[in-house]
Protein chains: 4
Amino acid sequence: MDLITRYQEVRRRTEKICSYLQTEDYVVQPVVDVSPPKWHIGHVTWFFETFILKPYFMGYEEFNPDYNFVFNSYYETVGNRVIRTDRGNLSRPTVIEIYSYRKYVDEAMANFLHDGISDDVKELMVLGFNHEEQHQELLMTDIKYILGHNPLFPAYNAEYAAPHFADPASDSFIKMDEGIYEIGFTGDGFCFDNELNRHKVYLNAYEMSPKLVTNAEYLEFINSGGYHDFRHWHAEGWDWVKNNKVGAPLYWHNIDGGWHHYTYHGLEPLHLKAPVTHISYFEAYAYASWKGLRLPTEFEWEAAATRFNWGQRWEWTESSYLPYPGFAKAPGAIGEYNGKFMVNQKVLRGASEVTPPGHSRITYRNFFQTNLRWQFTGIRLAK
Amino acid sequence: MDLITRYQEVRRRTEKICSYLQTEDYVVQPVVDVSPPKWHIGHVTWFFETFILKPYFMGYEEFNPDYNFVFNSYYETVGNRVIRTDRGNLSRPTVIEIYSYRKYVDEAMANFLHDGISDDVKELMVLGFNHEEQHQELLMTDIKYILGHNPLFPAYNAEYAAPHFADPASDSFIKMDEGIYEIGFTGDGFCFDNELNRHKVYLNAYEMSPKLVTNAEYLEFINSGGYHDFRHWHAEGWDWVKNNKVGAPLYWHNIDGGWHHYTYHGLEPLHLKAPVTHISYFEAYAYASWKGLRLPTEFEWEAAATRFNWGQRWEWTESSYLPYPGFAKAPGAIGEYNGKFMVNQKVLRGASEVTPPGHSRITYRNFFQTNLRWQFTGIRLAK
Amino acid sequence: MDLITRYQEVRRRTEKICSYLQTEDYVVQPVVDVSPPKWHIGHVTWFFETFILKPYFMGYEEFNPDYNFVFNSYYETVGNRVIRTDRGNLSRPTVIEIYSYRKYVDEAMANFLHDGISDDVKELMVLGFNHEEQHQELLMTDIKYILGHNPLFPAYNAEYAAPHFADPASDSFIKMDEGIYEIGFTGDGFCFDNELNRHKVYLNAYEMSPKLVTNAEYLEFINSGGYHDFRHWHAEGWDWVKNNKVGAPLYWHNIDGGWHHYTYHGLEPLHLKAPVTHISYFEAYAYASWKGLRLPTEFEWEAAATRFNWGQRWEWTESSYLPYPGFAKAPGAIGEYNGKFMVNQKVLRGASEVTPPGHSRITYRNFFQTNLRWQFTGIRLAK
Amino acid sequence: MDLITRYQEVRRRTEKICSYLQTEDYVVQPVVDVSPPKWHIGHVTWFFETFILKPYFMGYEEFNPDYNFVFNSYYETVGNRVIRTDRGNLSRPTVIEIYSYRKYVDEAMANFLHDGISDDVKELMVLGFNHEEQHQELLMTDIKYILGHNPLFPAYNAEYAAPHFADPASDSFIKMDEGIYEIGFTGDGFCFDNELNRHKVYLNAYEMSPKLVTNAEYLEFINSGGYHDFRHWHAEGWDWVKNNKVGAPLYWHNIDGGWHHYTYHGLEPLHLKAPVTHISYFEAYAYASWKGLRLPTEFEWEAAATRFNWGQRWEWTESSYLPYPGFAKAPGAIGEYNGKFMVNQKVLRGASEVTPPGHSRITYRNFFQTNLRWQFTGIRLAK
């Protein structure tokens, strides 16, 4: 696919996601980790403008210099920015103005790409596509949070096609041999800097579950008092449970004794066969501990991933998010993409039902703080 | 004016105020004291529905039972409600839905009023008008906060007619004699419960300024180091200045050495002759202290108010907001209107440029916490 | 009594209070409002050193210049100081060192007073006596807090003589006529600046209870659900109850269904006939509201105080702590004594069982924030 | 050495450390991470009483049942406990009472050990020794914090023998080959559960500095603006720097332009040749990043540690604190020793000048949160 077509497809996909929203849904930020949808659609546009059009497209005129302040996410190199907690306090620019901004940048990109570009810029373009795809996933989870925390529990889109969750052929754990494995990206395609360098690790013999933990299984943990027994929890996790009065995954509601959960279709009775989701690392760890098992490391996951199906849930691993041997940050603002977050976060592997098709891969590393639950996170057990 | 006409006028005035907003402006809540405009227009409607239609209009069908949870402000009697800090997290109901709610209630009110109503309900109607007028003022100040804290500093309405601030004929302080004065509402019209009972107070001889402190005068306080000299401040005010790094009234910006302030027309050079506004009680007190003067009590203000012009700024007084002798709360939810706020607040007297015409009067008591600045507050000196 | 004798008596009384403490009891600060006893005994000494010896005693050598930083309470005029929350973090100077400091200053004071002093200094001496007496009361209440919040509930002093609480001859409310009353200090003796100027107030007819509310009566409020019914509370008081899970006065413990309270003798079954104490203004207000009565204003209290016994409890009034007409702060640091606290506090009148004999009087104004409970506060009803 | 002699030596060493304190120094807790010395000496005694005497010494009578509440640190299995932030609010039990408790338990231990004990109990004894040694190190660092944050900067012990910091023979980095290394404890002696199981890791070729970064070298980082350049920092570290206004290691004071640091001898001019200490992981990482180098992983450290001198500073590694393959928690309260802290902490390797002799070893794993600085932490660079 040529770059201009790919560009248009990525951009259209973002707009399709937002097409089900009311104007008001674009504006709010109910918690700091959830950005307003209008911020997302401005920010991904700002990314192309800032890193491609402004440095490489001779004669390009910035749409509005104040937008740099509004739509910069965390790039210190690029200047000051609205503090993150304030994103939901901005009524302007309006949604219509941001769509004008998108159109303006899209037209400039079309003109820019028309004449052919250097390999360096091609690399930035592909980074921009992947960046926008990451925000597509965030849009889906942020929208779920915004609507799922509204007392009216509105549906996002009645036609949303939830994935079919097929059972694997067998429940037997997959056995993996002790030895040296190669970890990290290799090949010609795109990868993020945090997937490099490919390197060897030594793994003890281990076993992986072929399937994700289901809501029915997780309910057993709840019903057996899992949230009230400190022995399953990290000390910090136990504090988190007590301070936040946590007793179930995010979006679960016990109504008159029956469990429901908020989905893109609104509030529904709990889907027992679906893989459990919207749990923190603390909960994933506690569940595994309660089962007498454990979470896999990201290396165990990657080494075994060709032998099971993945892609329904982001899977918490036991691994902290750290640089691979030989990891080097790119110079300039792009170097802020991943490296500066490599502390106090856990790696997740796989992909989820809202990850854009083709976006993830077996070496892909997602990462979040241990208390966060608004992504479609899940549990695969190891031993 | 008959009740139905008055009802329609009040309701139209609210909608006129909002007619200059973009949809997004209706949604945000940048600080806890500022409510989203869409919450205001829903809440004042809920007030008529809850206190008039539901108890008195036989056969009335509630528009949406969930709206009680969304639009209740602080009436514990009427049940649970969205916590105040969450008002800006609600994208639904949408602005259009809330205007439908207004229309539905307005039609029901028209039908209800058509047949004539009891005196009790008439009283509630008048309370509803005054309540909605209070929210009109809050709408104006909340809108100013929302737009004035946006990095793009959009104008609210380019045609907004700022009042003309005429100098009084004389600067000489008005002399008032020692003696007994009567304080509190008397007469036939409407007053709030906190204006009653009318009672006697004994005042020492005192003097009142015929005019409000201007921006130019306040600038002298700033330039002489007023924000850096603890001697002018209450201990609590001094902590407030330091913790919040306060150095000027709200909305003032020093740009390249020149003072500007945000107005309904956008950012403008400071109007030197206009009365200073958007200051806290702490600042009003410190200014008076720096001048070697003081703020009047609310009783001094009321006793002298026929002898000066008021209505441009809400004027901070030295008086704490306390019940008058014989004050009694009404039974039920309406009794929560004023009494439960009579602690740790200061009384303001007068009215401001955004107070609805005819809403205030010489016995009217407004009240806010000592650190708040988003109202059009000002200073009149006494000695 | 001559000044030197009075000085010695005041100083000895402070040391007597502390004679029952272990060294460790002198050090801790369990909440910000409670200062470590060793801080108190250093601070009152610092007061004489700073305001009398250093300015007036030629050739006086400061004991230790760093002590100014440690023992200054809130006098901005006198320089920087340890922030209040850090007082309990200081292990040095030790208790022995502080007693050496007391001895050093006491000897210097004896030498200084020996030669006779001016009237100005006499006034400062009397202020110093009254200041140290205020800290004697604070010492008693802070010690109670320190020991009463220790899980071992140690007694302060087994010989502590709790006052005898005699019932008044009659329960009938005292009737007071409408009219003008004079309020504020008059006479030759000492008073604080906040008791001046004496001035007239106009009071409606009112009635005052001749007695304080007892623990037995307050228990009825608790047992009838008073802490669970928002209607009795200010909005801010209701938040306070819920955020702090308050359900009884400070120091009350329900052990196996029976109410106990911590006293200077340790934990004891609740004394039902004793006047209730250690309640906040919010609780005093709620109790009065539940009874269908109210708290008196400080003016009502002062006008009627010759007609009832007082001195067992500090009595919450409805009055906010505000300056009297003509109130003027003294120049310099002494001017920081009272005036800068005249905001967001309530006046208490009377005295308590731990007030030094002769310290209080009918015009004395004590004041605390509305949520504080560690003083011996109580309730007298009015109507 | 027999158990009873070892027991006595460990216990005496704790008391020797405290022998330089004033009673007041035992009591305070200036930040949550620093426990009062009297708490430490009670807690290590409680450990022997709770895990050895009560379960294994027939007829043992508990010294005081309330002490379990006071001296339990974090063992949920053993019941409720004083919350950590309240340790510094307890004046009782007094220091003398706690020494009586120590004596009582020591005598009971002597009687208990006299008759010979099982291998299980021997293991618990050795754990108790190692536990008390850990608290000896904490005592030294907590005492430094308590005295070093006092405005009088008292010396701990004028005879304290600071270690001699000899330069290594060469500055050349030690070269390590790519390949498989064995990590974790092996042998007969004591180790903590977190050092097991011994297992293989695969390491790329790497290099280690033979020496620690010095104060002089760290000063270059400060002088070149290292604390003001976001590019060297993790995003979370950068927030930490700005929120806490960090500009130098803990205990450094710039007095009239010259750098000083607090030591056990009091405030002294900065020792330029000494290895830098009292820095957070964030600072260690930023320093390495500024140098164009990096911190080693704990595996790289362990594999190379026979080739350099260590023991002066706890050395921050890049590794997160995670379980080794096959790690299993012991059943019961002892199982809470390490495992529940294996999240959001970084591993430190080595030992420090205040680590008890013989306490650490090449496989020892210490761990702290990334922002903590009160230990003697340092930097060894790798590439």
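By convention here, each chain's residues receive numbers from 1 onward along its written sequence. Chains carry letters and ligands carry numbers; both start at the beginning, A for chains and 1 for ligands, and go up in the order they are written. Thresholds applied to this predicted model are a pLDDT of at least 70 for local features of residues and 80 or more for the giving and counting of side-chain atom pairs; totals over whole chains, interfaces and linings are not thresholded and use all residues. Just so you know, side-chain values use all the structure's heavy atoms and leave hydrogens and water out.

1. Topic: the overall build of chain A
Looking only at helices and strands, one finds 9 helices and 11 strands in chain A. Computed over its C-alpha atoms, the radius of gyration of chain A comes to 22 Å, within 12% of the 21 Å expected for a compact globule of 383 residues. Dimensions of chain A, computed from the C-alpha atoms along their principal axes, are close to 65 × 50 × 35 Å. Only protein chains enter the calculation, and the probe is 1.4 Å; a residue is then buried if its accessible area is under 20% of its type maximum, exposed if over 50%, and partly exposed in between. Looking at chain A as a whole, 58% of its 383 residues are labelled buried. Put simply, DSSP H or I for four residues or longer makes a helix, DSSP E for two residues or longer makes a strand, and each gets a number counted from the N terminus. Here the globule rule is a power law, 2.2 Å times the number of residues to the power 0.38, and the radius of gyration is based on C-alpha atoms.

2. So, the environment of K175 of chain A
All names here are of chain A. The residue K175 is located in strand β1 (residues 174-176) in this model. With 132 residues separating them in the primary sequence, K175 and R307 have C-alpha atoms 10.0 Å apart. Every residue pair with non-hydrogen atoms within 4.5 Å of one another is taken to be in contact. Aside from chain neighbours lying at most four places away, what touches K175 is Y206, E207 and R307. Between N or O atoms, a polar contact is any pair within 3.5 Å; within protein, one atom must be a potential hydrogen donor and the other a potential acceptor, and residues adjacent in sequence are included only when both atoms are from side chains. Reaching out from K175, the side chain makes a polar contact with the side chain of E207 at a distance of 3.5 Å.

3. A word on the relation of the copies chain A and chain D
Each copy is superposed on the other by least squares, with the fit set by C-alpha atoms of residues at a pLDDT of at least 70 in both. Rotating chain A by 180° and moving it 0.1 Å along the rotation axis overlays it on chain D with an RMSD of 0.0 Å. Taken together, the rotation and translation describe the operation of a two-fold axis. Looking at the interface residues of chain A, 100% of them are also at the interface in chain D, so both copies use one shared face.

4. Overview of unusual backbone geometry
Cis rather than trans, the peptide bond between L196 of chain C and N197 of chain C has omega equal to -5°. Within the secondary structure, N197 of chain C sits in the loop between β2 (179-183) and β3 (199-203). In this structure, H278 of chain C is a non-glycine residue whose phi angle is positive, near 60°. Along the polypeptide, H278 of chain C turns up in the loop between β7 (266-269) and α8 (281-290). The backbone phi angle of N344 of chain D is positive, close to 55°, even though this residue is not glycine.

5. Overview of the sheet that holds strand β11 (residues 377-378) of chain A
Residue and element names in this part refer to chain A. Taken in spatial order, the 4 strands of this open sheet run β10-β9-β8-β11, and their pairing is mixed. Every other strand in the sheet has two partners, leaving β10 (366-368) and β11 as the edge strands with one partner each. Of the pairings in the sheet, the one linking strand β8 (residues 314-320) to strand β9 (residues 346-350) comprises 4 bridges and is antiparallel in character. Each residue of the ladder has a partner; that of S320, found in β9, is K346. Set on the sheet, helix α8 (residues 281-290) makes contact with β8 and β9; between it and β8 the angle comes to about 85°. A pair of strands counts as paired when DSSP detects no fewer than two bridges linking them. Angular values range over 0 to 180 degrees, each being the angle between N-to-C directions of two axes fitted as lines to C-alpha atoms, with helices fitted over their stretch in contact.

6. What to know about the pattern of salt bridges
All names here are of chain B. Think of a salt bridge as a Lys or Arg side-chain nitrogen and an Asp or Glu carboxyl oxygen that are within 4 Å of each other. This structure, assessed with the given rule, holds 92 salt bridges over all chains. Across the pair R198 and E182 runs a salt bridge, and its minimum N-O distance is 3.4 Å. Of this pair, R198 sits in the loop between β2 (179-183) and β3 (199-203) while E182 sits in strand β2; the two residues are 16 residues apart in sequence, bridging distant segments of the chain. Residue classification places E182 among the partly exposed positions, given a relative accessible area of 42%. E315 is the salt-bridge partner of R380, the closest N and O atoms lying 2.7 Å from each other.

7. Re the UniProt feature "domain: Sulfatase-modifying factor enzyme-like" (unreviewed entry) in chain A
UniProt positions are given in the numbering used here, feature names are shortened, and annotations may be inferred rather than shown by experiment. The sites that carry the UniProt feature "domain: Sulfatase-modifying factor enzyme-like" (unreviewed entry) are, in the present numbering, residues 174-305 of chain A. Helix makes up 27% of residues 174-305 of chain A and strand 23%. Its end C-alpha atoms lie 10 Å apart.

8. Description of the packing of aromatic side chains
Between 30 and 60 degrees the pair is tilted, below 30 it is stacked and above 60 it is edge-to-face, where a pair is any two Phe, Tyr or Trp rings, Trp via its six-membered ring, whose centres lie within 6.5 Å. Inspection of the entire model under this criterion finds 196 aromatic pairs over all chains. Judged by centre distance (6.4 Å) and plane angle (40°), the ring pair of F299 of chain C and Y324 of chain C falls under tilted. Pair noted here: F299 of chain C is in helix α9 (residues 298-304) and Y324 of chain C is in the loop between β8 (314-320) and β9 (346-350), with a separation of 25 residues, a long-range link. Given the relative accessible area of 4%, Y324 of chain C is considered buried. With a centroid separation of 5.7 Å and an interplanar angle of 35°, the aromatic rings of W314 of chain D and Y364 of chain D are classed as tilted. You can see W314 of chain D sitting in strand β8 (residues 314-320) and its partner Y364 of chain D sitting in the loop between β9 (346-350) and β10 (366-368), a full 50 residues away along the chain. Residue W314 of chain D shares its accessibility class with Y364 of chain D, and that shared class is buried. Here the aromatic residues Y218, F221, Y227, W233, W252, W259, Y287 and W290 of chain A are joined through ring pairs into a cluster of three or more. A cation sits over an aromatic face here: R87 of chain B above W39 of chain B, 3.6 Å from the ring centre. We count a charge as sitting over a ring when the NZ of a lysine or the CZ of an arginine lies within 6 Å of the ring centre and within 35 degrees of the ring normal.

9. What to know about the arrangement of the chains
If you take every C-alpha in chain A and every C-alpha in chain C, the smallest gap between them is 14 Å, and the two do not touch. One thing to see here is that chain B and chain D don't touch, and their nearest C-alpha atoms sit 14 Å from each other.

10. Points about the packing of helix α2 (residues 37-56) of chain C against helix α5 (residues 119-148) of chain C
Residues and elements named next belong to chain C. Their axes nearest at 9 Å, the elements α2 and α5 cross at an angle of 170°. Classified by the interaxial angle, the pair formed by α2 and α5 is roughly antiparallel. Classification used: nonpolar for Ala, Val, Leu, Ile, Met, Phe, Trp, Tyr, Cys and Pro, charged for Asp, Glu, Lys and Arg, polar for all others including Gly. Here the residues of the contact of α2 with α5 sort into 18 nonpolar, 5 polar and 2 charged. Roughly parallel refers to an angle under 35 degrees, roughly antiparallel to one over 145, roughly perpendicular to one between 65 and 115, and oblique to any angle outside these ranges.

11. Some thoughts on the nonpolar core
In this description, a nonpolar core means a group of buried Ala, Val, Leu, Ile, Met, Phe, Trp, Tyr and Cys residues linked to one another through side-chain atoms lying within 4.5 Å. One finds M125, Y218 and I379 of chain A together with M125, Y218 and I379 of chain B to be the most contacted residues of the largest nonpolar core, which totals 184 residues. For I379 of chain A, the residues in contact, after removing those within four places along its chain, are L212, V213, Y218, V276, I279, A284, Y287 and L295 of chain A. If you look at the next biggest cluster of nonpolar residues, it comprises 182 residues, including Y60, Y218 and A333 of chain C together with L127 of chain D.

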